[in-house]
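An overview of the molecular structure
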Amino acid sequence: MIGMKFGGTSVGTAETIRTACGLVKKFIDKKPVVIVSAHNSPTCRMTNTLIASAEEALSGKPDSSKVFELQRGVCKDLGISSDIVEPLLEEYDRLLVGISMIQELSPRTMDLVMSFGERMSSRVFTAVFNKEFGVNAKHADSYDLGLITTPAFGEAQPLNECYPEIKKKVEELGGDCVITTGFIGKGPHGHITTLGRGGSDYSATIFGAAVDAEEVQIWTDVSGVMTADPKLVDGAKSIPELSFMEASELAWYGAKVLHPATMIPAIEHNIPVRVMNTHEPDHPGTVIRSQLEREKAVAKSVAYKKHTNLVTVTSSRMLGSHGFMAKVFEIFNRHKLDIHMIATSEVSISLTIPEGSNLEAATAELKVFGDVDVSSDKALVCLIGEGMAGIKGVARRVCGALSDAGVNIRMISQGARELNISLLVDEKDAAAAVQSLH
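Residues numbered from 1 in each chain as written. Predicted model: local features only at pLDDT ≥ 70, side-chain atom pairs only at ≥ 80, totals over all residues. Heavy atoms only, no water.

**As for the sheet that holds strand β6 (residues 177–181)**
- With mixed pairing, eight strands are arranged side by side in an open sheet as β5-β6-β2-β1-β9-β11-β12-β10. Either end of the sheet is taken by a strand with one partner, and the two such strands are β5 (137–139) and β10 (241–243). The sheet shows a mean angle of 20 degrees between the axes of neighbouring strands, taken without regard to direction.
- In terms of strand pairing, strand β1 (residues 3–6) meets strand β2 (residues 33–36) through four bridges, oriented parallel. When the bridges of β2 are listed, G3 appears paired with V33.
- Helix α5 (residues 107–133) rests against β1, β2, β5 and β6 of the sheet, and its axis sits at about 155 degrees to β6. (Pairing = 2+ DSSP bridges. Helix = DSSP H or I, 4+ residues; strand = E, 2+ residues; numbered from the N terminus. Axes fitted to C-alpha atoms, helices over the stretch in contact; angles between N-to-C directions. Contact = heavy atoms within 4.5 Å.)

**A few points about the sheet that holds strand β18 (residues 420–426)**
- Read across the sheet, six strands follow the order β14-β15-β13-β16-β18-β17 without closing on themselves; strand pairing throughout is antiparallel. Here the strands that pair on one side only, and so sit at the sheet edges, are β14 (341–344) and β17 (411–414). Put simply, the sheet's adjacent strands are angled 30 degrees from each other on average, direction ignored.
- By the bridge criterion, four bridges tie β17 to β18 in an arrangement that is antiparallel. When the sheet's bridge partners are listed, S413 is paired in β18 with S422.
- Contacts between helix α12 (residues 394–404) and the sheet are confined to β16 (371–384), β17 and β18, with β18 contributing the most and set at about 20 degrees to the helix.
- Contacting β13 (301–314), β16 and β18, helix α13 (residues 430–437) crosses the sheet at an angle of about 30 degrees to β16.

**Some words on the packing of aromatic side chains**
- Evaluated as defined, the whole model comprises six aromatic pairs.
- A ring pair is formed by F324 and F369, whose centres lie 5.5 Å apart and whose planes are at 70 degrees; its orientation type is edge-to-face. Here F324, found in helix α10 (residues 324–334), pairs with F369, found in the loop between α11 (360–366) and β16; they are 45 residues apart in sequence, far enough to count as distant. Across this residue pair, the class does not change: F324 and F369 are buried.
- Members of the aromatic cluster, each reached through a chain of ring pairs, are F6, F125, F129, F133 and W219.
- For K305, the ring lying beneath its charged end belongs to W252, and the centroid distance is 5.1 Å. (Phe/Tyr/Trp six-rings, centres within 6.5 Å; stacked < 30°, edge-to-face > 60°. Buried < 20%, exposed > 50% of the residue type's maximum accessible area, 1.4 Å probe, protein only. Lys NZ or Arg CZ within 6 Å of the ring centre and 35° of its normal.)

**Considerations on α12**
- Residues of α12 that are buried include every one of V394, V398 and L402, and no others. The buried residues of α12 occupy an angular sector of 65 degrees when the element is viewed end-on, so they sit on one face. Counted as exposed and oriented over 90 degrees from the buried face of α12: R396, R397, S403 and D404.
- Residues of α12 that are buried make contact with β16, β18 and α13.
- The first or second residue beyond α12 is G406, which carries a positive phi of 75 degrees. (Arc of directions from axis to C-beta.)

**Some points on unusual backbone geometry**
- Backbone geometry at D212 places phi at a positive 55 degrees, although glycine is not the residue there.
- With respect to the element layout, D212 can be found in the loop between α7 (200–210) and β9 (216–220).
- Here D212 falls in the exposed class, since its relative accessible area comes to 52%.
- Unusually for a residue other than glycine, K336 sits at a positive phi of about 55 degrees.
- Here K336 shows up in the loop between α10 and β14.
- Residue class for K336 comes out exposed when judged on its relative accessible area of 71%.

**Focus: the pattern of salt bridges**
- One pass over the full model with this rule turns up 18 salt bridges.
- Here E132 and R18 are joined by a salt bridge, their closest N and O atoms 2.9 Å apart. Taken as a pair, E132 in helix α5 and R18 in helix α1 (residues 14–26) lie far apart in primary sequence, 114 residues in all.
- Given a relative accessible area of 35%, E132 falls into the partly exposed group.
- Relative accessible area serves as the criterion here: at 29%, R18 is assigned to the partly exposed category.
- Between E365 and R334 there is a salt bridge; the shortest N-O distance is 3.0 Å. Of this pair, E365 sits in helix α11 while R334 is found in helix α10, placing the two residues 31 residues apart along the sequence. (Salt bridge = Lys/Arg side-chain N within 4 Å of Asp/Glu carboxyl O.)

Here it is, written out as structure tokens:
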């Protein structure tokens, strides 16, 4: 078996849906489990439309007409009846009325709101596949196939017991292939949860791991993982191979091709992941696996992440005091703030937190330990590649390149594995930093 995941742009229009169906047909002998995102095209940004209409309902204006129009339009373009999605459209309409009446849009309700995109697109995909490609595809929502998660709405994680349950239910469903929803699951109490925006990649490797897939294919709108963001770097090119660790670092530090959690099931079950382009299916893309032969290239890619805060705590109480950092980290943990990068000295600790996080409460607690400074409008820029390990002069070349580009480094970090050199720069310098390192 294999897993095949199609992102929103790969199922955004009638044309791309048919293209994706044709790709699944080519692998039909491998009994694919197909994971589908919500429609996403310039004229049909379904998830964004669902969110916007829910927010309008919260302000007392429940109006599902745009969602109805977009989803029925996709069905019309494909020449299929909208009957397959009408029950979901009616359910969504009632949900908006409920949001308007109770004047509440909780994280639990928002997860339910966003689930409709995948639930509708997967039904449309199945209908077209069976009608036009002469296959016996079976459909089930991911939670009906056993994807049970933690109840952390907006950032749910799969429970370990879901893996044998998914394998059992996929086998029971039968058919030439199984088509299901990405991005969503259900918590232990039966409420729909989401794995976070972009979580369909994560769903794909969860299902791939559950059914012991020989590989998981991530079909998107770019030809694999790139050496840099092609919007910033004209010379960016596709990377033929990445290790699990390299791909994990790239995903975490801003490469948008992969959801950061995607690699967890793949690593735990040693399943290769292949990133491919729906629009260029003959391009080999990027294959991600556990072990690679040592390459001549020192680094593989440059990733970046904007909208970052720099937090520095300075205190003489750190001198000779064990447990100081544990107390600082406990505060960030209690306020559910993700730390991306850390640097320390004898009297200070600096770390980075994504912008948008509510730092005020944490900062108030941190001031008990010493002076606290928060700087915004920063960006993380990361040079990634296992080929850097043991190579002398890499840090000198990195710093020299940024100096030549006129970029000031605010903070720098490299782990003992020498897999990643992370640098904090002013956000206005992020593009110049990426281009100079590339």
